[in-house]
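# Structure assessment
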Amino acid sequence: MVVQEANQKTLAVFEEKSKRIFAELRKDVIGQNEVVEYTVLAIIAGGNVLLEGAPGLGKTRLVRSLGRVFDLPFSRIQFTPDLMPADVTGTSIIVKDGQGNSSFSFQKGPIFSNIVLADEINRATPKTQSALLEAMQEHTVTVMGVSRKMKEPFFVLATQNPVEQDGTYPLPEAQMDRFMFKLVVDNPSLEDLKGIVTMTQKTMGETAEVACNAEQLLEMRETANQIPVVDEVLDFAMKIIAATQPDSAYASEAAKNYIRLGSSPRGGQALISAAKVLALMNGRFNVSYSDVATLAFPVLRHRMKMNFEAIAERVAPDTVIRMIVEEVARKNKVHLDASVWDAATGDSSKNG
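Attention in this report is confined to the structure presented alongside it. Just so you know, these numbers come straight off a predicted model, no measurement behind them. (Residues numbered from 1 in each chain as written. Predicted model: local features only at pLDDT ≥ 70, side-chain atom pairs only at ≥ 80, totals over all residues. Heavy atoms only, no water.)

## Focus on the overall build of the chain
Looking only at helices and strands, one finds 15 helices and eleven strands in the chain. Here the C-alpha radius of gyration of the chain, 21 Å, is about what a compact globule of 352 residues would show, namely 20 Å. With the C-alpha coordinates aligned to their principal axes, the bounding extent of the chain is approximately 75 × 55 × 45 Å. Taken across its 352 residues, the chain has 51% of its residues classed as buried. Across the chain, contacts joining residues at least 24 apart in sequence account for 77% of those joining residues at least 6 apart. Carbon together with sulfur atoms contributes 52% to the accessible area of the chain, which is approximately 16,500 Å² in total. Looking at the chain, you have 38 positive and 43 negative side-chain charges, and the mean spots of the two groups are 3 Å apart. (Helix = DSSP H or I, 4+ residues; strand = E, 2+ residues; numbered from the N terminus. Rg over C-alpha atoms; globule rule 2.2 N^0.38 Å. Buried < 20%, exposed > 50% of the residue type's maximum accessible area, 1.4 Å probe, protein only. Contact = heavy atoms within 4.5 Å. Areas by Shrake-Rupley, 256 points an atom, 1.4 Å probe, with all protein chains shown as cover. Lys, Arg positive; Asp, Glu negative; His and termini not counted. Charge placed at Lys NZ, Arg CZ, Asp CG, Glu CD.)

## Quick notes on the pattern of salt bridges
Applying the stated criterion to the full structure yields twelve salt bridges. The residue Glu24 makes a salt bridge to Lys27 at a minimum N-O spacing of 3.0 Å. Across the pair Arg123 and Glu120 runs a salt bridge, and its minimum N-O distance is 3.2 Å. Overall, Arg123 belongs to the buried group, its relative accessible area being 18%. One network of salt bridges, with partners in common, ties together Asp177, Arg266 and Arg303. (Salt bridge = Lys/Arg side-chain N within 4 Å of Asp/Glu carboxyl O.)

## Regarding the pairing of strand E2 (residues 74–78)
A one-sided burial pattern is seen for E2, the buried positions being Ser75 and Ile77 and the unburied ones Phe74, Arg76 and Gln78. When E2 meets strand E5 (residues 115–119), the two strands line up parallel, connected through five bridges. Among the inter-strand pairings, Gln78 is bridged to a residue of E5, identified as Asp119. (Pairing = 2+ DSSP bridges.)

## Description of the side chain of Arg303
Relative to the assigned elements, Arg303 resides in the loop between helix H13 (289–300) and strand E11 (305–306). Taking the relative accessible area as the measure of exposure, Arg303 reaches 8% and is therefore buried. Side chain to side chain, Arg303 and Asp177 meet in a polar contact 2.8 Å long. Within the structure, Arg303 has its side chain in polar contact with the side chain of His302 (distance 3.5 Å). (Polar contact = N/O pair within 3.5 Å; in protein donor to acceptor, adjacent residues only side chain to side chain.)

## A closer look at H13
Three or four residues apart is the spacing at which side chains of an α-helix point the same way, because the helix has 3.6 residues per turn. An ideal rise of 1.5 Å per residue puts 16 Å on twelve residues; H13 measures up with 16 Å between its terminal C-alpha atoms. Counting buried positions over the twelve residues of H13 gives eleven, a clear majority of the element. For H13, the full list of buried residues reads Ser290, Asp291, Val292, Ala293, Thr294, Leu295, Ala296, Phe297, Pro298, Val299 and Leu300. On its buried face, H13 is in contact with helix H2 (33–45), strand E9 (179–184), helix H10 (231–243), helix H12 (265–281) and helix H15 (317–331). (Expected span 1.5 Å × (residues − 1).)

## Description of the environment of Leu117
Inspection of the secondary structure assignment puts Leu117 in strand E5. Residues Leu117 and Glu215 lie 98 residues apart in sequence; the distance between their C-alpha atoms is 21 Å.

## Side note on the packing of aromatic side chains
What the rule picks out here adds up to three aromatic pairs. Aromatic pair Phe106 and Phe112: ring centres 5.9 Å apart, planes at 75°, arrangement edge-to-face. Given a relative accessible area of 16%, Phe106 falls into the buried group. Here the aromatic rings of Phe236 and Tyr289 are separated by 5.3 Å at their centres, their planes lie at 85°, and the arrangement is edge-to-face. Remark: Tyr289 occurs in helix H13 and Phe236 occurs in helix H10; sequence separation between them is 53 residues. In this structure Tyr289 comes out as partly exposed when scored by relative accessible area, which is 26%. (Phe/Tyr/Trp six-rings, centres within 6.5 Å; stacked < 30°, edge-to-face > 60°.)

## Concerning the sheet that holds E9
Here we have five strands laid out as an open sheet, ordered E2-E5-E8-E1-E9, and parallel in their pairing. Looking along the sheet, the strands with just one partner apiece sit at the ends: E2 and E9. The sheet shows a mean angle of 15° between the axes of neighbouring strands, taken without regard to direction. As defined by bridge partners, E5 adjoins strand E8 (residues 155–160) across four bridges and the pair is classed as parallel. By the bridge assignment, Ile115 is partnered in E8 with Phe155. Sheet contacts for H2: strand E1 (48–52), E8 and E9; angle to E9, the most-contacted strand, approximately 170°. (Axes fitted to C-alpha atoms, helices over the stretch in contact; angles between N-to-C directions.)

## Quick notes on unusual backbone geometry
The amide bond that connects Glu152 to the next residue, Pro153, takes the cis arrangement and shows omega of -5°. Residue placement: Pro153 occurs in the loop between strand E7 (146–149) and E8. Positioned with a positive phi, Asp71 is a non-glycine residue whose angle comes to about 55°. With respect to the helices, strands and loops of the structure, Asp71 is situated in the loop between helix H3 (59–69) and E2. Positive phi outside glycine occurs at Lys333, with the angle close to 55°. Mapped onto the elements of the fold, Lys333 is located in the segment after H15.

The analysis is restricted to geometry; functional conclusions fall outside its scope.
Laid out in structure tokens, this is it:
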């Protein structure tokens, strides 16, 4: 009884904190409900987020507002073709002391912050893009053989322009795999567009206030890590991951027809970690089948390489994911809520 009361109290605190975070973000961001929700979800779960959309849709504003809401230091790196790795990580320079003795001193780059906005990440060359790989996965930066730990919490929120635009470099698979979610930022509706213009006529700055500090955020993450996942739901999640791999024994028909390369084990890790946070946000202390199915779209859409047939037939990754989830659910006799399919954008992401 005592344990149950403690769990209910923890759940209530998590829900209240989540609601306050979203309420503050809504002061600065109009529309884009799914993008806002999933970005916050990924931050609590400890994952990085890739936001794809045309310029001017509010991606940078969202990231700036997140820094205010979570009261975390924020840095922005504007990726350009001439940006060098040292411009991201920092470098060691020679300095002299009062006696004229020379020594190396490390000058930290903009990546040494809690929230890092990698703006238009696909406009930099692959060499510079790779400077983020270690930081995104291990939360360390190694320069001249010395590894330096990042301060926690640490997140990379990257924006990229659609690959069809001029001057873009497709992100390599190794980097795409380090993003927990890929979220597609669509054009606003007419009503949202009117609200955006009205809001920015008053002020171009952000007005959101602090809703959660670093310590509270880490506590929320620890709470989410303790959420149980029953074996049946875990098996369902792993079968979805395996079904994306065309050479797997669990390969779905959609994977055999449209996928050249499926998800890595990181996709399974991201799916379960995110599902735990989603369950808490929905007031539950257990992960459901629908939690897993809903999050399959942002978790997998960038982890699958589409084959020639998919490109030729213009089959979007979200369409393939839906086919995979439906097939796995049918084979395992799993009933999914109708709301699951709201997570599909029908997009767009042609490069997977």
